[in-house]
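# Notes for the structure review
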Amino acid sequence: MDLASLRAKQLELASSVSRADRLDVDPPRLIGGADVGFEQGGEVTRAAMVLLKYPSLELVEYRVARIATTMPYIPGFLSFREYPALLAAWEQLSQPPDLLFVDGHGISHPRRVGVASHFGLLVDVPTIGVAKKRLCGQYEGLSDAPGATAPLMDKGEQLGWVWRSKKRCNPLFISTGHRVSADSALAWVQRCMAGYRLPEPTRWADAVASGRLAFTRWQENNR
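From a predicted model like this one, the values you see are computed outputs, not experimental measurements.

What follows is about unusual backbone geometry. Of note, the amide linkage connecting Y54 to P55 takes the cis form, showing an omega dihedral of 15 degrees. Here P55 shows up in the loop between strand 2 (44-53) and strand 3 (59-68). In this structure, Q40 is a non-glycine residue whose phi angle is positive, near 50 degrees. As for its placement among the helices and strands, Q40 is situated in the loop between strand 1 (30-39) and strand 2. Here L57, not a glycine, exhibits a phi torsion of approximately 60 degrees, which is positive.

Ranked by internal contacts, the top residues of the largest apolar core, which has 30 residues, are L99, F101, I128, I174, V189 and W204. Broken down by element, the residue count for this core peaks at five residues, all from helix 5 (residues 200-210). Residues within four places of V189 in sequence aside, it is in contact with F101, I128, V130, W163, I174 and P199. Formed by 19 residues, the second largest nonpolar core is a distinct cluster that contains A34, M49, W90 and L93.

Once that is clear, we can look at the layout of surface pockets. Looking at the largest pocket, its volume works out to about 500 Å³. As for the largest pocket, its lining consists of 23 residues, and the residues nearest its centre are L78, E82, D103, G104 and H105. Grouping the amino acids of the lining of the largest pocket by side-chain chemistry returns ten nonpolar, seven polar and six charged. Tallied by class, the residues present in the lining of the second largest pocket amount to four nonpolar, no polar and six charged.

With that settled, consider the sheet that holds strand 7 (residues 157-163). The pairing of strands in a sheet comes from backbone hydrogen bonds and takes either a parallel or an antiparallel form. Strand order in the open sheet formed by eight strands is 3-2-1-4-5-8-7-6, and the pairing between neighbours is mixed. Among the strands making up the open sheet, the edge pair consists of strand 3 and strand 6 (149-154). When the angles between neighbouring strand axes are averaged without regard to direction, this sheet yields 25 degrees. Relative to strand 5 (residues 127-131), strand 4 (residues 99-103) runs parallel, the two sharing four bridges. Looking at strand 5, one finds that D103 is bridged to V130.

Our next topic: the pattern of salt bridges. Throughout the structure, instances matching the rule amount to 13 salt bridges. Between E12 and K9 there is a salt bridge, with the nearest N and O atoms lying 3.9 Å from each other. Remark: K9 and E12 occur in helix 1 (residues 3-14); sequence separation between them is three residues, near one turn of the helix. Using a relative accessible area of 47% as the deciding quantity, one classes E12 as partly exposed. Shared partners join several salt bridges into a network, and the residues in it are R19, R112, D154 and E157.

Thresholds, definitions, all that
Residues numbered from 1 in each chain as written. Predicted model: local features only at pLDDT ≥ 70, side-chain atom pairs only at ≥ 80, totals over all residues. Heavy atoms only, no water. Helix = DSSP H or I, 4+ residues; strand = E, 2+ residues; numbered from the N terminus. Core = buried A, V, L, I, M, F, W, Y, C linked by side-chain atoms within 4.5 Å. Buried < 20%, exposed > 50% of the residue type's maximum accessible area, 1.4 Å probe, protein only. Contact = heavy atoms within 4.5 Å. 1 Å grid on protein atoms, 1.4 Å probe; cavity = no way out; pocket = protein on both sides within 12 Å on 5 of 7 lines; lining within 4 Å. Points joined across faces, edges and corners; volume = space filled by probe spheres on them. Nonpolar A, V, L, I, M, F, W, Y, C, P; charged D, E, K, R; others polar. Pairing = 2+ DSSP bridges. Axes fitted to C-alpha atoms, helices over the stretch in contact; angles between N-to-C directions. Salt bridge = Lys/Arg side-chain N within 4 Å of Asp/Glu carboxyl O.

Scope: geometric values only; no functional claims are made or implied.
In structure tokens:
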């Protein structure tokens, strides 16, 4: 694995990320969610994509793709491991979403191009990274209260927001993926909450990927 060329590719991609949006002018009617996991000891990459109507947040479509894993886990280069399965699931959708939430980092990455940015550039759709753990950057003063917010900073640059979405839950790390501003990313995640730690697009993507009870009930009700 030539990490030097992958690093160079990341820096090239990062320079193409757009940190602005038109979502206030052209708000989304369909919001997608994407989640990636690994099966069979990491040999199979599984990606789930969902489409939700906005503002009802009703699940209207889901797709799952399983492909052979193309590279090992290397910290900082996860997007190269995950995007092939994401692309396979994306290509199965009947229509693209107007906005996509990805379970992972956007620009809140050492080289400013996590999986949400990498994939957003590939498909050229407004994309938001919604991560459960910090990858880089620092933040201060986040209270335990639900709704508490702090900027995620690295080397004097704001990479996104740290937001406590629910009481007694660890915060989320929300960042620009592509064609979304930092403030819009936070605002749209907040608009897509329904009482859980995760916003509905990535919560449903996880439910589909993992066969959770909410999804099996949805299947039963939509037969």
